[in-house]
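Chain by chain, the residues:
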Amino acid sequence: MSDQNPYEKLGVSEDASFEEIQDTRNRLVEQYSGDTSRLEIIEAAYDAVLMNRLRMRQEGKIKVPERIRFPESKVQVTPDLSPVSKKQSPAWLQRMVDKPSTLDIVVPGVWYLGLSANSLFYRTGGDQVLQLMLILGVGVSIYFLNRKENKFGRAVLFTLVGLIVGLIIGGLIATSLTEPLGSANFTTNQFATVLTFALLWLICSFLK
């Protein structure tokens, strides 16, 4: 069989069409699927036939369909040069976190700065003033949160969580800072209120 030309090895005539060549090759590959050495002979003969047809096409003797595979043709794999995407944050976190503009940060900040100043330096009224300031602070947070997504219930929930967490953490920290607060003439409730305002500002600015 080694003395045979590629057409004879493949079992096709030299004037066979490309469809016939491919059909014959596919049939032989399926027929000898378990015979490695025979498959190598078939593939080598098939490539040799295609090389011969390519040469004939280059010489203008035949016209070869563009879809025909030639052995020297290699599939060029375009490397993926795009940077490896960083691991994205969970979907639930993306739905909560906002990308605020400067105005969305500054305007609530001005409100809470004013409320904090009143809570620290307005002495008349005592805890009643702090309660009023907290009510105003809650309203400010709900307003700015609801304005983003128009989800009132969600705005109320985030604000109440911030209020509770702020008062608890503020009270715990203030308890450990009794002497510094006393020297600054600030009460524990005042400190907890101001810390709560800071937390509410973060929530209504950076959550949605």
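As the structure is a computational prediction, the values presented were derived from the model and not from experiment. Residue positions within a chain follow its written sequence, with the count starting from 1. A pLDDT threshold of at least 70 governs which residues receive local features in this predicted model, and a stricter bar of 80 or more applies before side-chain atom pairs are shown or counted, although totals over entire chains, interfaces and linings include all residues. The basis for every side-chain value is the complete set of heavy atoms in the structure, and neither hydrogens nor water enter the calculation.

1. Brief notes about the confidence of the model for the chain
Should the pLDDT be low somewhere, the predicted coordinates at that spot are not to be read in detail. As a reminder of what qualifies: Each residue carries a pLDDT score, the predictor's confidence in it, ranging from 0 to 100. Counting from the N terminus, the helices are DSSP H or I runs at least four residues long and the strands are E runs at least two residues long. Only heavy atoms matter for contacts: two residues are in contact if any of them lie within 4.5 Å across the pair.
This prediction gives the chain a mean pLDDT of 80; 79% of its residues lie at or above 70. Per-element averaging of pLDDT across the chain places helix 8 (residues 178–183) at the bottom with 63 and helix 9 (residues 188–206) at the top with 90. For the stretch residues 70–75, pLDDT sits under 50, and the model shows 10 contacts to residues farther than four places along the chain or on other chains.

2. Some points on the nonpolar core
Condition: We call a set of buried residues a nonpolar core when its members are Ala, Val, Leu, Ile, Met, Phe, Trp, Tyr or Cys and they connect through side-chain atoms within 4.5 Å of each other. Under the scheme applied here, a residue whose accessible area is under 20% of the maximum for its type counts as buried, over 50% as exposed, and between as partly exposed, the area being computed with a 1.4 Å probe on protein chains only.
In terms of nonpolar packing, the biggest core is built from 18 residues, with Tyr-112, Leu-145 and Phe-197 touching the most fellow members. Listed by contribution, the elements that provide at least two residues to this core are helix 5 (102–121), helix 6 (127–149), helix 7 (152–176) and helix 9. Among the elements that line this core, the one with the most residues is helix 6, at eight residues. With sequence-adjacent residues up to four places away left out, Tyr-112 is seen in contact with Gly-137, Val-140, Ser-141, Phe-197, Leu-200, Trp-201 and Cys-204.

3. Description of the packing of helix 6 against helix 7
This is how the line gets drawn: Angles here are taken between N-to-C directions and fall from 0 to 180 degrees, while the axes themselves are lines fitted to C-alpha atoms, restricted in helices to the stretch in contact. Angles below 35 degrees are treated as roughly parallel, those above 145 as roughly antiparallel, those between 65 and 115 as roughly perpendicular, and all remaining angles as oblique. Less than a right angle of anticlockwise turn of the near helix away from the far helix marks a crossing as left-handed, whereas a clockwise turn marks it as right-handed.
In contact at an axis separation of 8 Å, helix 6 and helix 7 are set at 140° when each is read in the N-to-C sense. If you check the angle between helix 6 and helix 7, you find them oblique. Judged by the sense of rotation from one axis to the other, the crossing of helix 6 with helix 7 is right-handed. Residues Leu-134, Val-138, Ser-141, Ile-142, Leu-145 and Asn-146 of helix 6 form the contact with helix 7, whose participating residues are Phe-152, Ala-155, Val-156, Phe-158, Thr-159, Leu-163 and Leu-167.

4. A word on a nonpolar patch on the surface
Put simply, the rule is: Only residues whose relative accessible area exceeds 30% and that form no salt bridge are eligible for patches; like-charged ones are grouped when within 9 Å, while nonpolar side chains (Val, Leu, Ile, Met, Phe, Trp, Tyr) are grouped when within 5 Å. Surface accessibility follows the Shrake-Rupley procedure with a 1.4 Å probe radius. Residue values consider only the protein chains on display as shielding. Salt bridge criterion: a side-chain nitrogen from Lys or Arg within 4 Å of a carboxyl oxygen from Asp or Glu.
A surface patch of nonpolar side chains, amounting to about 750 Å² of accessible area, comprises Leu-157, Val-161, Ile-164, Val-165, Ile-168, Ile-169, Leu-172, Ile-173 and Leu-177. Along the chain, Val-161 falls in helix 7.

5. Considerations on helix 6
Note the threshold: To estimate the expected span of a helix, subtract one from its residue number and multiply by 1.5 Å.
Taking 1.5 Å per residue, 23 residues should reach 33 Å; helix 6 reaches 34 Å between its end C-alpha atoms and fits that length. Those residues of helix 6 lying buried are Val-129, Leu-130, Met-133, Leu-134, Gly-137, Val-138, Val-140, Ser-141, Ile-142, Phe-144, Leu-145 and Asn-146. Against the buried residues of helix 6 lie helix 5, helix 7 and helix 9. The positive-phi residue at the C-terminal boundary of helix 6 is Asn-150, with phi of around 55°.

6. What about unusual backbone geometry?
Peptide bonds are mostly trans, and most non-glycine residues show a negative phi. A positive phi angle, close to 55°, is found at Asn-150, a residue other than glycine. With respect to the helices and strands, Asn-150 occurs in the loop between helix 6 and helix 7.

7. Thoughts on the side chain of Ser-119
Stated precisely, the cut-off is as follows: Whenever a nitrogen or oxygen atom comes within 3.5 Å of another N or O atom, the pair is scored as a polar contact, on the condition that within protein one atom can donate a hydrogen and the other can accept it, and that pairs from neighbouring residues in sequence are kept only if both atoms are in side chains.
Relative to the assigned elements, Ser-119 resides in helix 5. Residue class for Ser-119 comes out buried when judged on its relative accessible area of 1%. A polar contact is formed between the side chain of Ser-119 and the backbone oxygen of Leu-115, at a distance of 2.8 Å.

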